[in-house]
Amino acid sequence: MEAPKIKAVMPVAGLGTRFLPATKATPKEMLPVVDKPAIQYVVEEAVAAGIRDVLMILGRNKTAIANHFDSVPELEQKLSEKGDDRKLGHVTRTSDLADIHMLRQGEPKGLGHAVSRAAQHVGDSPFVVMLGDDLIDERDPLLPKMIEVNQQRGAMVIALMEVDPDHISMYGCASVDATDDPDVVKVTDLVEKPAKEEAPSNLAIIGRYLLTPDIFPVLERTGPGKGNEIQLTDALKDVAVDPENVDVYGVIFRGRRYDTGDKLDYIKAIMRIASDREDLGPDLRPWIKEFAATL
Ligand code: G1P
């Protein structure tokens, strides 16, 4: 689907403490998932949905991300002299993918604060916020449906996924009403990382949000919430419960998603993606079976 005016905003400010020591000097978004850094999958997902303009909100120590999406003339020239077009393609692909803009977050005051920094860049069009820890399998596109719901209803749209009730405390959680589309719900309330007993549902926010600029004044007046951080979930709750503001809808995602922010899920993501790849799968799949038999 073409979405020429929609820009993507990617907050990449997290410290990645769950992956120490790997993330001591390397941003967690640069950890490889098979042979591409996690953040490249997210940019490719945006591009596949027709988005050409990406704004990254960077925290400290994120220079490697800026370098990854920049061109490297010396390397390109060497590979071109050698006639290694395949490797040259890998190098130039990341710099040609999209128009990537970078902005420093400044003080790390939470996801809501990071998103509020994008106000000037996005202007008066809807935009998507994409979190780097959540990888959506390219075979199960999610953004096109979210863009469609935004265009039909003029609403903000968040991606929701049913999770094990034991895990809801790791996510923003939504109260919803059904609509005539089984994959679309109207969001009536939101709570950031509730205890299992207090969660209104098992519908978790996954890291894709289609927001309208109406979010910015709400973020401005949102105080610190969970973890003493300015939470995007709290601002979205205010929008959802305010009859004067735009509506908030949820698209229920039933496809393959990988949480690369969690160590075990990160390993599973690599195994699943590699075993489905044409270049690696044929050798990896029988090995996995042999290995599993030894466990
Ligand atoms: C953030 C959001 C949370 C959302 C999650 C999705 O939390 O605050 O509402 O469910 O992303 O990955 P984080 O994982 O950054 O703590």
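Residues numbered from 1 in each chain as written. Predicted model: local features only at pLDDT ≥ 70, side-chain atom pairs only at ≥ 80, totals over all residues. Heavy atoms only, no water.

Asks: Can you help me understand the overall build of the protein chain in this one?
Replies: Helices and strands together make up the secondary structure of the protein chain, namely 11 helices and 13 strands. For the protein chain, the spread of C-alpha atoms along the three principal axes comes to 60 × 50 × 40 Å. Taking all 295 residues of the protein chain together, the buried fraction comes to 47%. For the protein chain, contacts bridging at least 24 residues in sequence account for 76% of all contacts bridging at least 6. Split by element, the accessible area of the protein chain, about 15100 Å² in all, is 50% carbon and sulfur. In the protein chain, which carries 36 positive and 49 negative side-chain charges, the distance between the mean positions of the two groups comes to 4 Å. (Helix = DSSP H or I, 4+ residues; strand = E, 2+ residues; numbered from the N terminus. Buried < 20%, exposed > 50% of the residue type's maximum accessible area, 1.4 Å probe, protein only. Contact = heavy atoms within 4.5 Å. Areas by Shrake-Rupley, 256 points an atom, 1.4 Å probe, with all protein chains shown as cover. Lys, Arg positive; Asp, Glu negative; His and termini not counted. Charge placed at Lys NZ, Arg CZ, Asp CG, Glu CD.)

Asks: Please explain the site of the ligand as it appears in this structure.
Replies: The environment of the ligand is made up of Leu 131, Asp 134, Tyr 171, Gly 172, Glu 192, Lys 193, Ile 205, Gly 207, Tyr 209, Gln 231 and Thr 233. A distance of 2.9 Å separates an oxygen atom of the ligand from a polar atom in the side chain of Asp 134. Take Glu 192: an N or O atom from its side chain is 2.7 Å from an oxygen atom of the ligand. In the complex, 76% of the free accessible area of the ligand, which totals 380 Å², lies under the protein chains. Partitioning the shell around the ligand into residue classes produces four nonpolar, four polar and three charged. (Near = heavy atom within 4 Å. Polar contact = N/O pair within 3.5 Å; in protein donor to acceptor, adjacent residues only side chain to side chain. Nonpolar A, V, L, I, M, F, W, Y, C, P; charged D, E, K, R; others polar.)

Asks: Help me out: how do you make sense of the environment of Asp 262 in this one?
Replies: Looking at where Asp 262 falls in the secondary structure, it is placed in the loop between strand 13 (257–259) and helix 10 (263–276). Considered as a pair, Asp 262 and Glu 148 are 114 residues apart in the sequence and their alpha carbons are 31 Å apart. Apart from residues lying up to four places away in sequence, Asp 262 is in contact with Arg 18 and Phe 19. Polar side-chain contacts of Asp 262 include one of 3.1 Å to the backbone nitrogen of Asp 265.

Asks: Sorry, what's going on with the packing of helix 3 (residues 73–82) against helix 4 (residues 85–96) here?
Replies: In helix packing, the relevant descriptors are the interaxial angle and the interaxial distance, both defined with respect to the helix axes. At their nearest, the axes of helix 3 and helix 4 sit 9 Å apart, and the two run at 150° to each other. Between helix 3 and helix 4, the interaxial angle falls into the category roughly antiparallel. Where helix 3 crosses over helix 4, the handedness of that crossing is left-handed. From helix 3, Leu 75, Glu 76, Leu 79 and Ser 80 reach across to helix 4, where they touch Lys 87, Leu 88, Val 91, Thr 92 and Ser 95. Of the residues assigned to the contact of helix 3 with helix 4, the class counts are four nonpolar, three polar and two charged. (Axes fitted to C-alpha atoms, helices over the stretch in contact; angles between N-to-C directions. Parallel < 35°, antiparallel > 145°, perpendicular 65-115°, else oblique. Left-handed = near helix turned anticlockwise from the far one by under 90°.)

Asks: What am I meant to see in empty space enclosed by the protein here?
Replies: Rolling a probe over the atoms, with the probe sized like a water molecule, indicates the empty space that remains. Under the definition given, this model contains one cavity of 30 Å³ or more. In this structure, the largest cavity encloses a volume near 60 Å³. What lines the largest cavity is Phe 19, Lys 28, Glu 29, Leu 31, Ala 38, Gly 132, Asp 133, Thr 260, Gly 261 and Tyr 266. Here the residues of the lining of the largest cavity sort into four nonpolar, three polar and three charged. (1 Å grid on protein atoms, 1.4 Å probe; cavity = no way out; pocket = protein on both sides within 12 Å on 5 of 7 lines; lining within 4 Å. Points joined across faces, edges and corners; volume = space filled by probe spheres on them.)

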